[in-house]
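So the chains spell out like this:
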Amino acid sequence: MSVEPGLSKSQLDKLGSRLRTSTDPEDADLVLLDRYRERFVAMNDTVLEELQELTGVAIESRHKSVPSIVAKLRRRQPARLSAIQDLAGARILVWDLRAQDQLVEKLAGRYPNAVVDDKRRQPTFNYRAVHVIIEAPLPYEVQVRTLNQQTWAQLSERLADRYGFELKYGGGPQEVAAALAEYSEFLAAADRLAAYGIKGASDDLTGKIRSQVERLPGVMETLRIR
């Protein structure tokens, strides 16, 4: 991966280390980080145009702010600035798991060096989606989410605003974190049922959904944002 002009990969990671460990980062380091970030933002329009032509669906552009990058460096241990792959990216919503698989396959075909990170079976702190990291030529993260996955992610963000960002990473009030995890499981099961239908669903899946539906009112009451 190419880095900020004038900075080697080692120097970039040293910059990240300084930002991570300093409670009051130097202005010069923040300027360097912003220049590095701007390189990702600058390629955004070109990649979005390619993705639009490829998919023909609405695409949401996204990129991290300087404070968000610093927060991520401090949250992940160890963390290397050169290894962060989501400084810029896009989000695409699809109806269901089948459409998600089809779109991921299309992206992988268009970008042969893409890395696919499937977070559906092994979610990250109950977050489910498929991330496709493409080289454009810098790393660019395309998040592909079903509508249910998007619903959960948006709720998680709103709850994190209320209870603190730690909720998104396994912290926060235990009862809220547990309810958020159960809601993620319910939506994932609903996605599988929608994709394969009642006839194609296993007894385990249908039984799991029945059990979760019974508990859902209590779960949603815990997750209600007042």
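## Topic: the packing of aromatic side chains
This structure, assessed with the given rule, holds 4 aromatic pairs. A centroid spacing of 6.4 Å and a plane angle of 65° characterise the contact between phenylalanine 165 and tyrosine 169, whose relative ring orientation is edge-to-face. Judged by its relative accessible area of 48%, phenylalanine 165 falls in the partly exposed class. Taken together, Phe125, Phe165 and Tyr169 form an aromatic cluster joined through their ring pairs. Over the ring of tyrosine 111 we find arginine 110, and its NZ or CZ is 4.6 Å from the ring centre.

## Some remarks on the side chain of threonine 146
Within the secondary structure, threonine 146 sits in strand E5 (residues 139-146). Reaching out from threonine 146, the side chain makes a polar contact with the side chain of aspartate 191 at a distance of 2.7 Å. Not counting residues up to four positions away in its chain, the partners in contact with threonine 146 are Val94, Trp95, Asp96, Leu97, Gln100 and Asp191.

## Points about helix H3 (residues 44-55)
When the terminal C-alpha atoms of H3 are compared, their 16 Å separation across 12 residues agrees well with the 16 Å that a helix rising 1.5 Å per residue should span. Within H3, burial applies to Asn44, Val47, Leu48, Leu51 and Thr55. Mapping the buried residues of H3 onto a view down its axis gives an arc of 100°, with all of them on the same face. Facing away from the buried surface of H3 by more than 90 degrees, the exposed residues are Asp45, Glu49 and Glu53. Among the structural elements, helix H2 (27-42), strand E1 (59-63), strand E2 (88-94), helix H5 (97-110), strand E4 (130-135) and E5 are those in contact with the buried residues of H3. Following H3 by one or two positions, glycine 56 adopts a phi angle in the positive range, close to 70°.

## Points about helix H4 (residues 66-75)
The set of residues buried in H4 consists of Val66, Ile69, Val70, Lys72 and Leu73. Looking straight down H4, one finds its buried side chains confined to an arc of 160°; they lie on one side. Looking at the packing, one finds that the buried side of H4 touches helix H1 (9-21) and H2.

## Some points on the nonpolar core
When a protein is soluble and globular, its nonpolar side chains tend to lie buried together. If you look at the biggest cluster of nonpolar residues, it comprises 35 residues, and the most contacted ones within it are Leu51, Leu81, Val132, Ile134, Tyr140 and Val142. Of all the secondary-structure elements, those providing two or more residues to this core are H1, H2, H3, H4, E2, H5, E4 and E5. Among all residues touching valine 132, those that are not within four sequence positions of it are Val104, Leu107, Ala114, Val115, Val116, Tyr140, Glu141 and Val142. Formed by 16 residues, the second largest nonpolar core is a distinct cluster that contains Val176, Leu180, Tyr183 and Val219.

## Here's the deal with the environment of threonine 146
Overall, the relative accessible area of 0% leaves threonine 146 in the buried class. Sequence separation between threonine 146 and alanine 188 is 42 residues, and the spatial gap between their C-alpha atoms is 9.7 Å.

Thresholds, definitions, all that
- Residues numbered from 1 in each chain as written.
- Predicted model: local features only at pLDDT ≥ 70, side-chain atom pairs only at ≥ 80, totals over all residues.
- Heavy atoms only, no water.
- Phe/Tyr/Trp six-rings, centres within 6.5 Å; stacked < 30°, edge-to-face > 60°.
- Buried < 20%, exposed > 50% of the residue type's maximum accessible area, 1.4 Å probe, protein only.
- Lys NZ or Arg CZ within 6 Å of the ring centre and 35° of its normal.
- Helix = DSSP H or I, 4+ residues; strand = E, 2+ residues; numbered from the N terminus.
- Polar contact = N/O pair within 3.5 Å; in protein donor to acceptor, adjacent residues only side chain to side chain.
- Contact = heavy atoms within 4.5 Å.
- Expected span 1.5 Å × (residues − 1).
- Arc of directions from axis to C-beta.
- Core = buried A, V, L, I, M, F, W, Y, C linked by side-chain atoms within 4.5 Å.

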